[in-house]
Amino acid sequence: MKSLPFLYHGQSSDWLSLQAGKLTVTLATEKSYHFTKVLLRHEPDNEEYLVEMTLSRSSDHLNYWSAEFPLNSDRDITHYVFKLLTETGQYWLDAKGISKRTSAKEFHFKYNANHQPPSWVNQQVFYQIFPDRFCNAKPDISVKDGEYLVSGGRKPVVSKQWGEPVDSSNGNGGCEFYGGDLYGVESKLDYLQDLGVTALYLNPIFTAPSNHKYDTSNYRQIDPHLGTNQHFAELCQQLHSREMKIMLDAVFNHTSTEHLWFNLQGKHSEIGAYQSPQSPYRDYYFFDGDSSDYVGWKGIQSLPVLNFENEQVRDYIYASDDAVIKYWLKPPYQIDAWRFDVIHMLGEGEGASNNAHYVKAFRDSAKQVNPDCYVLGEHFFEATQWLQGDQEDGAMNYYGFAHPVRALLTKLDISFDPIEIGVSDFLDWQAEARAKIPWQNQLAQLNQLDSHDTARFIELVKHDPRLFKLASALLFSYVGTPCLYYGTELGMMGSHDPDNRRSMPWDEIERSEYLGWFKQLIAIRKSHPALQKGDYIPLHHDDECFIFARKYQRDLVLCAFSHSDKTIHRKVPVWRVDIQNALFKGELCGEKSRASNGYVALSLPPRGCRLLSLLD
């Protein structure tokens, strides 16, 4: 069976340009295939228009075609796709790949000229910190044993020694405190910069009873067990003086029962929503009539859900001049980004009515203060509808990165159920996820191997260093912005929540077998614009490996990954990136490989990877 021709259209500025409301795009086709007509299809008024492309130049293996067409005037996003005719049939190229039939619109190339993520995001290496478990630098503000009750007043807090095991079986995970604080974060800034980190993502730091602090009781106050507002302002200033960014976690779908508005335990002088149907805050939440029955997030009664139909709630969170979203973006803090917790669940009631309206409102609120604010959403599954440009800049990319990587390398899905996929399935999964959203939003996706909500990746691969290193190399070379969960750079272990929230093992740094590896990967990422914002160009895949290129202007990196248990050898068609004869340098091992006549020979070790950059 004859293979499909190589057809390619990138979505970086190498392949398209906008001028006076018109988009000029370039398409590359394999020169050995003859096409009777090359067409660009778009829908300016929901009807098909076909623009004939002109041959603009040729190289040894590729023909380049160009066309100009107007952006849609009726919507933010312009969709387009390519149709190529032969004497006997046709081929189509969309953002997912090549086919012999017309493309579904969800996979068309998408360009949003009106709403794009901040340009700084894809240049970052994020580092996620769970504050209570990162570093204790001020023990006198740490939670004391039995100091207060959590979980709606049912469980006493427990103070534990650094490094002591987390309680993973008795349901006390949210009650245990190890004393990590923002002073500890400050004390480790040199370590983080030496690692290569450029941006911090902090799990919630506002006043809350639990250690995870997803049960906010005061949105305008840093939790006293973590620090003070003044110290946080100083920390932000320190980060910015180091040219680092900071992203905070926003939990606006629900509050703690200890919030003044709810006041379950009567800690506040005002009458809270739980205490009386006549409370001025009653309509801030969802109650069943005059009863004490209320809606908790996913049925959890310690997390009552906020009602955004209420104007006071809207004003407090995002609408007024001093709304919470704006407050932390303004001096003296001037944070750079918000990560919105379970943002897809937020709205009017349990069905999240008018969700898109509120997500857009959050975005508008943040961008009013800082147009370059990064708006990130938490979604454990597909987030396409939130990622078209006018809502979120990016999402925590579980669906398009963490899930497929876990499925391929660990044979487990996100629920720890068995899953068996091959290389082709894996690449198809990733291609589908990329294709559904505009390119700039793809670059602003936050990619992670693990987080506070998932098992540590090294546990999932059963401590196999080959698979752990392969996955981490993919993290730093794939489309999107990489984020390390604290301790991942040390191969830190931990299973389900809360075991994945162990205290940072600072005494293991000197003997870590992975720290040097991650420093190397981060340095490679930061030195190559191609890995930050370059196009993703598939070069080869089979049952044992997959190889792609990232390319931006003159910067080119080949990324090769083996899924085989033995050493394999492949001839890679670098003519697809317009390389005939050239020398490549191995970024991980320093070896050199020479391309001739459009191909480069690579050897891949068992479950191994290679990253090769083009030498001038």
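As annotated in an unreviewed UniProt entry, the protein chain carries the name Maltodextrin glucosidase and comes from Vibrio galatheae.

Participant: When you look at the pairing of strand β8 (residues 77-85) in this model, what are you seeing that I'm missing?
Facilitator: Taken across its 9 residues, β8 has 8 buried, putting it largely inside the fold. Strand direction decides the pairing type here: strand β4 (residues 37-42) and β8, joined by 6 bridges, are antiparallel. What sits directly across from Lys37, in β8, is Leu85. One ladder, built from 4 bridges, connects β8 with strand β11 (residues 109-112); its direction is antiparallel. From the neighbouring strand, Tyr80 faces β11, where its bridge partner is Phe109. Between β8 and the antiparallel strand that follows it, strand β9 (residues 90-93), lie 4 residues.

Participant: For this particular structure, what's the right way to read unusual backbone geometry?
Facilitator: A negative phi angle characterises most non-glycine residues, just as the trans form characterises most peptide bonds. The omega angle of the peptide bond from Pro331 to Pro332 is 5°, so this bond is cis rather than trans. Assignment of secondary structure puts Pro332 in the loop between α5 (324-327) and β21 (337-340). Omega for the peptide link from Asp497 to Pro498 comes to 15°, which places this bond in the cis form. In this structure, Pro498 sits in the loop between β25 (481-485) and α12 (515-527). Here Lys411, not a glycine, exhibits a phi torsion of approximately 60°, which is positive. Mapping Lys411 onto the fold places it in the loop between α7 (398-410) and α8 (423-435). Residue classification places Lys411 among the partly exposed residues on the basis of a relative accessible area of 38%. Of note in the backbone geometry, Asp578 takes a positive phi value of approximately 65° without being a glycine. The topology assignment puts Asp578 in the loop between β29 (568-573) and β30 (582-586). Judged by its relative accessible area of 31%, Asp578 falls in the partly exposed class.

So, how was this worked out
Residues numbered from 1 in each chain as written. Predicted model: local features only at pLDDT ≥ 70, side-chain atom pairs only at ≥ 80, totals over all residues. Heavy atoms only, no water. Buried < 20%, exposed > 50% of the residue type's maximum accessible area, 1.4 Å probe, protein only. Helix = DSSP H or I, 4+ residues; strand = E, 2+ residues; numbered from the N terminus. Pairing = 2+ DSSP bridges.

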